[in-house]
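So you can see what is in the structure, the chains are spelled out below.
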Amino acid sequence: MVERLTDPRSHGGDPADAFHLVIPSLPGYGFSAPMRPGWGNLFRVAQAWAELMARLGYERYAAHGTDAGGGVAGMLGMVAPDRVTGIHLTGTSSTFPFAPPLEVEGLSESDRIRAERFNAAQQDGLGYLHLMTTRPQTLAYSLADSPVGQLAWIVEKFKEWTDLSAELPEDAVDKDQLLTGVSVFWFTGSGASSAHALYEGMQVYRQMTAQAAGDDGGWAEPVGPPTGVAVFAADPTVRSVMDPAGKIEHWTEFDRGGHFPAMEAPDLLAQDLRAFLRDLRS
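Residues numbered from 1 in each chain as written. Predicted model: local features only at pLDDT ≥ 70, side-chain atom pairs only at ≥ 80, totals over all residues. Heavy atoms only, no water.

**Points about the packing of aromatic side chains**
Next, step 1: On inspection of all chains with the given rule, the structure shows five aromatic pairs.
Next, step 2: Judged by centre distance (4.9 Å) and plane angle (25°), the rings of Phe 232 and Phe 254 are stacked. Residue Phe 232 is located in the loop between β3 (227-231) and α11 (239-242), and its partner Phe 254 is located in the loop between β4 (250-253) and α12 (261-264); the two are separated by 22 residues in the primary sequence.
Next, step 3: With relative accessibility at 1%, the residue Phe 232 sits in the buried group.
Next, step 4: Through a chain of ring-to-ring contacts, three or more aromatic side chains come together here, namely Tyr 128, Phe 158, Trp 161 and Phe 260.
Next, step 5: A cation over a ring is seen here: Arg 44 above Trp 39, with NZ or CZ 4.0 Å from the ring centre.
Next, step 6: Here Arg 281 stacks its cationic end above the ring of Phe 19, 4.5 Å away from the centre of that ring. (Phe/Tyr/Trp six-rings, centres within 6.5 Å; stacked < 30°, edge-to-face > 60°. Helix = DSSP H or I, 4+ residues; strand = E, 2+ residues; numbered from the N terminus. Buried < 20%, exposed > 50% of the residue type's maximum accessible area, 1.4 Å probe, protein only. Lys NZ or Arg CZ within 6 Å of the ring centre and 35° of its normal.)

In C-alpha coordinates, the structure reads:
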(Lines give C-alpha, C1' and ligand atoms only; values in the text may rest on other atoms or scores of the structure.)
Protein backbone atom coordinates (compact mmCIF):
# COMPACT_ATOMS: atom_id res chain seq x y z
CA MET A 1 0.00 0.00 0.00
CA VAL A 2 2.81 2.42 0.80
CA GLU A 3 4.23 2.60 -2.70
CA ARG A 4 0.79 2.64 -4.31
CA LEU A 5 -0.16 5.72 -2.31
CA THR A 6 3.16 7.59 -2.31
CA ASP A 7 4.04 6.84 -5.93
CA PRO A 8 0.81 6.20 -7.87
CA ARG A 9 2.57 6.80 -11.19
CA SER A 10 4.49 3.52 -10.80
CA HIS A 11 1.15 1.70 -10.49
CA GLY A 12 -0.61 3.36 -13.40
CA GLY A 13 -2.14 6.18 -11.35
CA ASP A 14 -2.11 9.95 -11.48
CA PRO A 15 0.93 11.55 -9.77
CA ALA A 16 -1.43 14.25 -8.48
CA ASP A 17 -2.99 11.60 -6.22
CA ALA A 18 0.25 10.99 -4.29
CA PHE A 19 0.12 11.20 -0.49
CA HIS A 20 2.49 11.68 2.39
CA LEU A 21 1.92 8.75 4.76
CA VAL A 22 2.24 8.63 8.53
CA ILE A 23 1.70 5.06 9.75
CA PRO A 24 1.86 4.77 13.54
CA SER A 25 1.62 1.46 15.39
CA LEU A 26 -1.23 1.05 17.85
CA PRO A 27 -0.05 0.85 21.49
CA GLY A 28 0.11 -2.75 22.60
CA TYR A 29 0.46 -4.15 19.08
CA GLY A 30 3.64 -5.14 17.23
CA PHE A 31 6.31 -2.48 17.39
CA SER A 32 4.47 -0.54 20.12
CA ALA A 33 4.48 -3.34 22.68
CA PRO A 34 4.60 -3.54 25.59
CA MET A 35 2.24 -0.78 26.69
CA ARG A 36 1.37 1.00 29.88
CA PRO A 37 -2.13 0.68 31.38
CA GLY A 38 -4.62 3.07 29.85
CA TRP A 39 -3.30 3.00 26.29
CA GLY A 40 -5.98 0.55 25.19
CA ASN A 41 -8.34 3.54 25.25
CA LEU A 42 -8.67 4.34 21.54
CA PHE A 43 -9.78 7.89 22.29
CA ARG A 44 -6.47 8.45 24.09
CA VAL A 45 -4.66 6.95 21.10
CA ALA A 46 -6.53 9.33 18.79
CA GLN A 47 -5.42 12.25 20.95
CA ALA A 48 -1.82 11.02 20.68
CA TRP A 49 -2.11 10.70 16.90
CA ALA A 50 -3.46 14.26 16.67
CA GLU A 51 -0.50 15.49 18.72
CA LEU A 52 1.88 13.45 16.55
CA MET A 53 0.51 15.02 13.36
CA ALA A 54 0.73 18.50 14.87
CA ARG A 55 4.36 17.98 15.88
CA LEU A 56 5.15 16.72 12.38
CA GLY A 57 3.70 19.94 10.99
CA TYR A 58 0.59 18.65 9.23
CA GLU A 59 -2.15 21.24 9.48
CA ARG A 60 -4.67 19.22 7.43
CA TYR A 61 -4.79 15.50 6.83
CA ALA A 62 -7.11 12.56 6.28
CA ALA A 63 -7.21 9.34 8.29
CA HIS A 64 -7.74 5.75 7.19
CA GLY A 65 -8.16 2.68 9.36
CA THR A 66 -9.42 -0.89 9.54
CA ASP A 67 -10.98 -2.52 12.61
CA ALA A 68 -9.39 -0.92 15.71
CA GLY A 69 -7.51 1.46 13.42
CA GLY A 70 -10.86 2.51 12.04
CA GLY A 71 -11.98 3.30 15.57
CA VAL A 72 -8.98 5.58 16.03
CA ALA A 73 -9.55 7.22 12.63
CA GLY A 74 -13.16 7.96 13.49
CA MET A 75 -12.21 9.46 16.85
CA LEU A 76 -9.57 11.64 15.19
CA GLY A 77 -12.44 13.44 13.53
CA MET A 78 -13.74 14.34 16.99
CA VAL A 79 -10.34 15.12 18.52
CA ALA A 80 -9.11 17.36 15.67
CA PRO A 81 -12.17 18.35 13.59
CA ASP A 82 -10.42 21.47 12.29
CA ARG A 83 -7.52 19.42 10.91
CA VAL A 84 -9.04 16.13 9.72
CA THR A 85 -10.42 16.58 6.21
CA GLY A 86 -11.87 13.10 5.81
CA ILE A 87 -12.10 9.65 7.37
CA HIS A 88 -11.89 6.46 5.31
CA LEU A 89 -12.83 3.14 6.90
CA THR A 90 -12.77 -0.57 6.11
CA GLY A 91 -13.67 -3.58 8.24
CA THR A 92 -16.56 -1.64 9.73
CA SER A 93 -18.53 -4.73 10.80
CA SER A 94 -16.18 -4.76 13.81
CA THR A 95 -17.96 -1.58 14.94
CA PHE A 96 -20.79 -3.79 16.22
CA PRO A 97 -18.97 -6.61 18.05
CA PHE A 98 -21.79 -7.60 20.40
CA ALA A 99 -24.80 -6.36 18.46
CA PRO A 100 -28.01 -8.42 18.37
CA PRO A 101 -28.82 -10.46 15.24
CA LEU A 102 -29.83 -8.40 12.24
CA GLU A 103 -33.30 -8.60 10.76
CA VAL A 104 -33.03 -9.87 7.19
CA GLU A 105 -36.61 -9.27 6.09
CA GLY A 106 -36.90 -6.43 3.63
CA LEU A 107 -33.19 -6.24 2.83
CA SER A 108 -31.85 -6.29 -0.70
CA GLU A 109 -30.32 -9.56 -1.86
CA SER A 110 -26.74 -8.39 -1.31
CA ASP A 111 -27.55 -6.89 2.11
CA ARG A 112 -29.42 -10.04 3.13
CA ILE A 113 -26.39 -12.19 2.34
CA ARG A 114 -24.14 -9.89 4.34
CA ALA A 115 -26.62 -9.78 7.23
CA GLU A 116 -26.82 -13.58 7.37
CA ARG A 117 -23.04 -13.75 7.38
CA PHE A 118 -22.96 -11.16 10.19
CA ASN A 119 -25.47 -13.17 12.24
CA ALA A 120 -23.48 -16.37 11.75
CA ALA A 121 -20.30 -14.64 12.92
CA GLN A 122 -22.06 -13.25 15.99
CA GLN A 123 -23.19 -16.74 16.92
CA ASP A 124 -20.06 -18.72 16.16
CA GLY A 125 -17.13 -16.35 15.65
CA LEU A 126 -16.72 -14.22 18.77
CA GLY A 127 -15.10 -16.67 21.17
CA TYR A 128 -11.77 -14.85 20.87
CA LEU A 129 -13.41 -11.51 21.66
CA HIS A 130 -15.30 -12.76 24.71
CA LEU A 131 -12.05 -14.17 26.08
CA MET A 132 -9.92 -11.10 25.38
CA THR A 133 -12.50 -8.68 26.76
CA THR A 134 -13.11 -10.60 29.97
CA ARG A 135 -9.97 -12.64 30.85
CA PRO A 136 -7.06 -11.12 28.88
CA GLN A 137 -4.35 -12.18 31.31
CA THR A 138 -5.31 -15.87 31.17
CA LEU A 139 -4.93 -15.77 27.41
CA ALA A 140 -1.75 -13.69 27.67
CA TYR A 141 0.22 -16.51 29.33
CA SER A 142 -0.58 -18.92 26.51
CA LEU A 143 0.22 -16.47 23.69
CA ALA A 144 3.48 -15.42 25.35
CA ASP A 145 4.55 -19.02 25.99
CA SER A 146 3.81 -20.80 22.71
CA PRO A 147 4.80 -19.67 19.21
CA VAL A 148 2.42 -22.28 17.81
CA GLY A 149 -0.35 -20.84 19.97
CA GLN A 150 0.38 -17.33 18.70
CA LEU A 151 0.46 -18.59 15.11
CA ALA A 152 -2.88 -20.40 15.45
CA TRP A 153 -4.49 -17.42 17.19
CA ILE A 154 -3.73 -15.09 14.27
CA VAL A 155 -3.95 -17.47 11.31
CA GLU A 156 -7.45 -18.57 12.32
CA LYS A 157 -8.64 -15.00 11.73
CA PHE A 158 -7.09 -14.96 8.27
CA LYS A 159 -8.88 -18.23 7.57
CA GLU A 160 -12.24 -16.89 8.76
CA TRP A 161 -12.14 -13.26 7.63
CA THR A 162 -10.41 -13.21 4.25
CA ASP A 163 -11.83 -13.46 0.73
CA LEU A 164 -14.65 -15.99 0.51
CA SER A 165 -13.02 -17.78 -2.42
CA ALA A 166 -9.85 -18.55 -0.43
CA GLU A 167 -9.69 -22.12 0.86
CA LEU A 168 -6.51 -21.42 2.84
CA PRO A 169 -5.23 -18.15 4.37
CA GLU A 170 -2.28 -18.13 1.97
CA ASP A 171 -4.75 -18.14 -0.92
CA ALA A 172 -5.85 -14.67 0.20
CA VAL A 173 -2.61 -13.11 1.44
CA ASP A 174 1.07 -13.65 0.80
CA LYS A 175 2.34 -16.34 3.17
CA ASP A 176 5.59 -14.50 3.95
CA GLN A 177 3.65 -11.34 4.76
CA LEU A 178 1.32 -13.28 7.05
CA LEU A 179 4.21 -15.01 8.83
CA THR A 180 6.04 -11.71 9.20
CA GLY A 181 3.04 -10.26 11.00
CA VAL A 182 2.83 -13.26 13.31
CA SER A 183 6.58 -13.04 13.98
CA VAL A 184 6.32 -9.37 14.94
CA PHE A 185 3.69 -10.33 17.52
CA TRP A 186 5.81 -13.20 18.82
CA PHE A 187 9.14 -11.40 19.14
CA THR A 188 7.61 -8.34 20.80
CA GLY A 189 5.33 -10.26 23.13
CA SER A 190 2.33 -8.49 21.64
CA GLY A 191 -0.03 -11.38 22.24
CA ALA A 192 -0.23 -10.40 25.90
CA SER A 193 -0.27 -6.63 25.47
CA SER A 194 -2.77 -6.69 22.61
CA ALA A 195 -5.15 -8.76 24.74
CA HIS A 196 -4.99 -6.09 27.44
CA ALA A 197 -5.31 -3.31 24.87
CA LEU A 198 -8.49 -4.88 23.53
CA TYR A 199 -9.81 -5.37 27.05
CA GLU A 200 -9.28 -1.71 27.92
CA GLY A 201 -10.60 -0.54 24.57
CA MET A 202 -13.80 -2.53 24.94
CA GLN A 203 -14.59 -0.92 28.28
CA VAL A 204 -14.39 2.53 26.66
CA TYR A 205 -16.25 1.29 23.58
CA ARG A 206 -19.22 0.16 25.64
CA GLN A 207 -19.44 3.55 27.33
CA MET A 208 -19.15 5.51 24.10
CA THR A 209 -21.62 3.41 22.12
CA ALA A 210 -24.16 3.64 24.92
CA GLN A 211 -23.88 7.43 24.72
CA ALA A 212 -23.96 7.46 20.90
CA ALA A 213 -27.00 5.23 20.50
CA GLY A 214 -30.14 6.95 19.31
CA ASP A 215 -33.39 7.09 21.26
CA ASP A 216 -34.57 3.95 19.49
CA GLY A 217 -31.41 2.06 20.42
CA GLY A 218 -30.04 2.34 16.89
CA TRP A 219 -26.84 3.97 15.78
CA ALA A 220 -26.46 7.73 15.59
CA GLU A 221 -25.78 9.40 12.26
CA PRO A 222 -22.11 10.13 11.53
CA VAL A 223 -20.87 13.56 12.53
CA GLY A 224 -17.66 15.40 11.79
CA PRO A 225 -15.53 15.27 8.62
CA PRO A 226 -16.76 13.52 5.45
CA THR A 227 -16.67 9.74 5.77
CA GLY A 228 -15.83 7.12 3.18
CA VAL A 229 -16.44 3.38 3.63
CA ALA A 230 -15.08 0.56 1.48
CA VAL A 231 -16.80 -2.81 1.95
CA PHE A 232 -14.94 -5.83 0.62
CA ALA A 233 -16.54 -9.13 -0.36
CA ALA A 234 -16.09 -11.01 2.92
CA ASP A 235 -17.01 -8.02 5.10
CA PRO A 236 -20.55 -8.45 6.52
CA THR A 237 -21.14 -4.71 6.82
CA VAL A 238 -24.74 -3.84 5.87
CA ARG A 239 -25.24 -0.25 4.74
CA SER A 240 -28.94 -0.09 5.60
CA VAL A 241 -27.93 -0.92 9.19
CA MET A 242 -24.78 1.17 9.50
CA ASP A 243 -26.01 4.11 7.42
CA PRO A 244 -29.83 3.94 7.30
CA ALA A 245 -30.21 7.62 6.40
CA GLY A 246 -27.55 7.52 3.69
CA LYS A 247 -25.44 10.17 5.39
CA ILE A 248 -22.07 8.57 4.60
CA GLU A 249 -20.71 10.55 1.67
CA HIS A 250 -18.72 7.80 -0.05
CA TRP A 251 -19.68 4.11 -0.01
CA THR A 252 -18.09 1.45 -2.22
CA GLU A 253 -18.66 -2.31 -2.29
CA PHE A 254 -16.15 -4.68 -3.91
CA ASP A 255 -16.57 -8.25 -5.13
CA ARG A 256 -13.28 -9.51 -3.72
CA GLY A 257 -11.14 -9.07 -0.62
CA GLY A 258 -11.97 -9.35 3.04
CA HIS A 259 -11.12 -7.94 6.45
CA PHE A 260 -7.47 -7.27 5.56
CA PRO A 261 -7.80 -5.30 2.30
CA ALA A 262 -4.34 -3.72 2.44
CA MET A 263 -2.93 -7.26 2.23
CA GLU A 264 -5.66 -8.87 0.11
CA ALA A 265 -6.67 -6.20 -2.40
CA PRO A 266 -4.25 -3.27 -2.17
CA ASP A 267 -5.12 -2.14 -5.70
CA LEU A 268 -8.80 -1.73 -4.83
CA LEU A 269 -8.13 -0.08 -1.49
CA ALA A 270 -5.67 2.42 -2.98
CA GLN A 271 -8.12 3.18 -5.78
CA ASP A 272 -10.93 3.87 -3.31
CA LEU A 273 -8.76 6.03 -1.06
CA ARG A 274 -7.72 8.16 -4.03
CA ALA A 275 -11.29 8.50 -5.27
CA PHE A 276 -12.64 9.53 -1.87
CA LEU A 277 -9.88 11.96 -0.96
CA ARG A 278 -9.35 13.54 -4.37
CA ASP A 279 -12.09 16.13 -3.87
CA LEU A 280 -11.11 16.81 -0.27
CA ARG A 281 -7.57 17.98 -1.02
CA SER A 282 -8.75 21.54 -1.48
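**Remarks on the pattern of salt bridges**
Next, step 1: Taken as a whole and judged by the stated rule, the model has eight salt bridges.
Next, step 2: For the salt bridge of Arg 278 with Asp 17, the shortest nitrogen-to-oxygen distance reads 2.8 Å. In this pair, Arg 278 sits in helix α13 (residues 266-278) while Asp 17 sits in the loop between α1 (2-6) and α2 (42-56), placing the two residues 261 residues apart along the sequence.
Next, step 3: Residue class for Arg 278 comes out partly exposed when judged on its relative accessible area of 42%.
Next, step 4: By relative accessible area, which is 5% here, Asp 17 ends up buried.
Next, step 5: In this structure, Glu 156 engages Lys 157 in a salt bridge whose closest nitrogen and oxygen atoms are separated by 3.0 Å.
Next, step 6: By relative accessible area, which is 10% here, Lys 157 ends up buried. (Salt bridge = Lys/Arg side-chain N within 4 Å of Asp/Glu carboxyl O.)

**With respect to the pairing of strand β1 (residues 61-66)**
Next, step 1: Where burial is concerned, the two faces of β1 differ: the one with Tyr 61, Ala 63 and Gly 65 is buried and the one with Ala 62, His 64 and Thr 66 is not.
Next, step 2: Note that β1 and strand β2 (residues 84-90) share six bridges and pair parallel. Its bridge partner lying in β2, Ala 62 is registered against Gly 86.
Next, step 3: Once you follow β1 into helix α3 (residues 68-79) and on to β2, the crossover reads as right-handed. (Pairing = 2+ DSSP bridges. Right-handed = clockwise from strand over helix to strand, strands pointing away.)

**Focus: the side chain of Gln 150**
Next, step 1: Here Gln 150 is to be found in helix α7 (residues 147-161).
Next, step 2: Ignoring sequence-local partners within four residues, the contact set of Gln 150 consists of Leu 143, Val 182, Phe 185, Trp 186 and Gly 191. (Contact = heavy atoms within 4.5 Å.)

**So, the environment of Arg 60**
Next, step 1: Here Arg 60 lies in the loop between α2 and β1.
Next, step 2: Sequence-wise, Arg 60 and Asp 82 are 22 residues apart; in three dimensions their C-alpha atoms are separated by 7.9 Å.
Next, step 3: With residues up to four places along the chain from it excluded, the contact list for Arg 60 reads Asp 82, Arg 83, Thr 85, Leu 280 and Ser 282.

**Here's the deal with the packing of α7 against helix α9 (residues 175-188)**
Next, step 1: For the pair α7 and α9, the least separation of the axes is 10 Å and the interaxial angle reads 135°. The angle between the axes of α7 and α9 places the two elements in the oblique class. Seen from above, α7 lies across α9 with right-handed handedness. Packed against α7, whose contacting residues are Pro 147, Gln 150, Leu 151, Ile 154, Val 155 and Phe 158, the element α9 presents Leu 178, Leu 179, Val 182, Phe 185 and Trp 186 at the interface. (Axes fitted to C-alpha atoms, helices over the stretch in contact; angles between N-to-C directions. Parallel < 35°, antiparallel > 145°, perpendicular 65-115°, else oblique. Left-handed = near helix turned anticlockwise from the far one by under 90°.)

**Brief notes about a nonpolar patch on the surface**
Next, step 1: A surface patch of nonpolar side chains, about 270 Å² in accessible area, is lined by Val 2, Leu 21 and Ile 23.
Next, step 2: Residue class for Leu 21 comes out partly exposed when judged on its relative accessible area of 31%. (Patch = residues over 30% accessible without salt bridge, like charges linked within 9 Å, V, L, I, M, F, W, Y side chains within 5 Å. Areas by Shrake-Rupley, 256 points an atom, 1.4 Å probe, with all protein chains shown as cover.)

**Regarding the nonpolar core**
Next, step 1: Trp 49, Tyr 61, Val 72, Leu 76 and Val 84 are the most contacted members of the largest nonpolar core, which totals 16 residues.
Next, step 2: Taken together, the elements giving at least two residues each to this core come down to α2, β1, α3 and β2.
Next, step 3: Ranked by residue count, the leading element in this core is α2, at five residues.
Next, step 4: With residues near it in sequence (within four places) discarded, Val 84 still touches Tyr 61, Leu 76, Gly 77 and Pro 225.
Next, step 5: Listed in part, the 13 residues of the second largest apolar core include Phe 19, Phe 232, Leu 269 and Leu 280. (Core = buried A, V, L, I, M, F, W, Y, C linked by side-chain atoms within 4.5 Å.)

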